[in-house]
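An overview of the molecular structure
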Amino acid sequence: MRVSMDIELKDVPGQMLLALQPLSEFKANLITVLHHHQKRTPRKTVPVQLVLETKPESIGAIKAKLEENGIRVVRVGEHRFRESINVVLIGHVVHTGIQDTIDEIDKTGFAEVMDLSLSMPGINLLSSALIRIDAVGKEDLQKALDILKKVSAKKDLLMVLPIDIQA
Amino acid sequence: MKTVRCSILGFGAIGQGVAEVLLMKKEYLESIGLEILVVAIVDSRGATVNPEGVDLADCLARKRMKGTVAIEKFTGVEVIKSVDHELVIETTPTNIVTGGAGLQNMLAAFETGKDVITSNKGPLTLKYRELMEAAKAAGSSFRFEATVGGSMPVINLANEVLAGNRLKSIKGILNGTCNYILTRMLEERASYKDILAESMELGIAETDPTYDVDGIDTACKLVILANAIFGLDVTYRDVEVTGITKITPEALEMAYERGHVIKLIGEVSRERIHVAPRLVPINHPLDVRGTLNVASIDTELAGEITVTGKGAGPIETASAILSDLIAVYGSQ
């Protein structure tokens, strides 16, 4: 899983090494490091934001090891989704099973339906849905859209995609 | 003064628009050294021919009064083969199944070494390569700016003004009827059926609107762009097409609340040709309203260049034909 972590380093040499060493020890994959050297906290420490990929069970151990190294861990949060788009679906969205459609995306683990607006003007009329899909990365988002495309074709739903997405 | 003798084949709205524009621009054309002499006009019922030049104002009046200009029982091909002239202005109706009279007219024109300027998409959608080869073999000029986007310059902009730029893609709204329907559905919160009926009443949509609303017209225009600009060899069958018939006012409204409009977007690149309703951010360059057309050309050196304009209308389409005419004969 992808995790974001806000830590604070003392403004003395060698602190960054102490921060990164536990990550290496627990085989976490470091995605980004934002070192705000120009900013100082009221404690005169330097804030650093990390994004890493690791097993959920390693997070506690990494945190403990950092604190053992004298590094303050301010916040640890799941930071999974970085890409987000809106998609419109038109057809018998509800009668063909809206929950199934959502489940197909949610069960991927890399994308989720985060928001849904639905309009059903009449029992025999086409309904319309606008869904927001969040995904871990661009490629994952494209994979989620490919899944949605297959589901939409099977359920005879018209899928309206944003113009900047490969349709 | 250079005299260009021409025929107008097809005297419906576009053909009449050409005649009006030639009358309107007579003095301007003479000022750049061109005298355009229309020696024949052909409509579905026959032809009027005069090697000294027909009276355009008289032909327009006769067409309006009697529904035809026909005096003699000549077809377009017969006029091409028997009347001495250099240029065929081909404005017969589009037929994407067989190419219609337009295809026969264009092939006959090239066989007899004539130049062709056309607004007719059908032959270009079906037989682009064959027509280009016939034109080349004959040493004829063949121009068709009016086939895509009416007065909005796309083909000549891409091939001439942007010469030297590698073009990556063109995407845009190439059908004014669909754009009108989607714009009105959003404005009026009205159903597709209601706005379609309104469009037919106003003459914006045809009696049989299938060609527009199913995305076929947009697909045909993309085929022409793919062949003429991207150097591909494709036909209508190579285009993935989805029309607008399923779009609901609720979908338009929900999209709008999230900052988007839904537009029928045609997209062409070397890899893919595609027509479908898409979400376009409000105030994006492709967010044009009403019957307007728009095309955004993604270029290697100049970035994105977007043009917008009236995609249909007799005078607007005739404007593209006039610019082709000046491009062919103005510099000779």
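Residues numbered from 1 in each chain as written. Chains lettered and ligands numbered in written order. Predicted model: local features only at pLDDT ≥ 70, side-chain atom pairs only at ≥ 80, totals over all residues. Heavy atoms only, no water.

**What about the sheet that holds strand 1 (residues 2-9) of chain B?**
Residues and elements named next belong to chain B. A sheet is described by the order of its strands in space; here 6 strands give the open sequence 3-2-1-4-5-6, paired in mixed fashion. Looking at strand neighbours, the two that pair on one side only are strand 3 (46-49) and strand 6 (142-143), the edges of this open sheet. Bridge count for strand 2 (residues 34-43) against strand 3 is 4 bridges, and the pairing is antiparallel. Residue pairing in the sheet places Val42 in a bridge with Ala47 of strand 3. Those strands touched by helix 1 (residues 13-24) are strand 1, strand 2 and strand 4 (87-90), and its axis lies near 155° from that of strand 1. Where helix 3 (residues 56-66) meets the sheet, it contacts strand 2 and strand 3, and its direction lies at approximately 25° from that of strand 2. (Pairing = 2+ DSSP bridges. Helix = DSSP H or I, 4+ residues; strand = E, 2+ residues; numbered from the N terminus. Contact = heavy atoms within 4.5 Å. Axes fitted to C-alpha atoms, helices over the stretch in contact; angles between N-to-C directions.)

**Quick notes on the pattern of salt bridges**
This model, assessed by the stated rule, comprises 34 salt bridges over all chains. Residues Glu83 of chain A and Lys138 of chain A are paired through a salt bridge, measuring 3.5 Å at the closest nitrogen-oxygen approach. In this pair, Glu83 of chain A sits in strand 5 (residues 83-91) while Lys138 of chain A sits in helix 4 (residues 138-154), placing the two residues 55 residues apart along the sequence. Taking relative accessible area as the criterion, Glu83 of chain A reaches 22% and is therefore assigned partly exposed. Since its relative accessible area comes to 62%, Lys138 of chain A is described here as exposed. One salt bridge connects Asp115 of chain A with Arg258 of chain B, and the closest N-O pair in it is separated by 3.2 Å. Residue Asp115 of chain A is located in strand 6 (residues 111-119), and its partner Arg258 of chain B is located in the loop between helix 12 (249-257) and strand 9 (260-269); the two belong to separate chains. Taking the relative accessible area as the measure of exposure, Asp115 of chain A reaches 32% and is therefore partly exposed. Classification of Arg258 of chain B by relative accessible area gives partly exposed; the value is 27%. Taken together, the salt bridges that share partners define one network made up of Arg184, Glu187, Glu188 and Glu198 of chain B. (Salt bridge = Lys/Arg side-chain N within 4 Å of Asp/Glu carboxyl O. Buried < 20%, exposed > 50% of the residue type's maximum accessible area, 1.4 Å probe, protein only.)

**Focus on the domain arrangement of chain B**
How large an interface is tends to be reported as the accessible area lost when its parts come together. All names here are of chain B. According to the domain assignment, chain B contains domain 1 (2-151 + 314-329) and domain 2 (159-310). Centre-to-centre separation of domain 1 and domain 2, based on C-alpha positions: 27 Å. Taken together, the contact pairs 16 residues of domain 1 with 21 residues of domain 2. Carbon and sulfur atoms make up 63% of the surface buried where domain 1 meets domain 2, a total of about 1,400 Å² over both sides. When residues of domain 1 are sorted by the area they lose upon contact with domain 2, Thr125, Arg129 and Val148 head the list and together hold 36% of the total. (Domains from an automatic or database assignment. Buried area = accessible area lost by both parts, 1.4 Å probe.)

**A word on the pairing of strand 11 (residues 292-299) of chain B**
Residues and elements named next belong to chain B. Most of strand 11 sits out of view: 7 of its 8 residues are buried. With 6 bridges joining them, strand 7 (residues 167-173) and strand 11 adopt antiparallel strand pairing. Its bridge partner being in strand 11, Ile170 is matched across the sheet by Ile297. Here 8 bridges tie strand 11 to strand 12 (residues 303-310), and the two strands are oriented antiparallel to one another. By the bridge assignment for strand 12, Leu292 is matched with Lys310.

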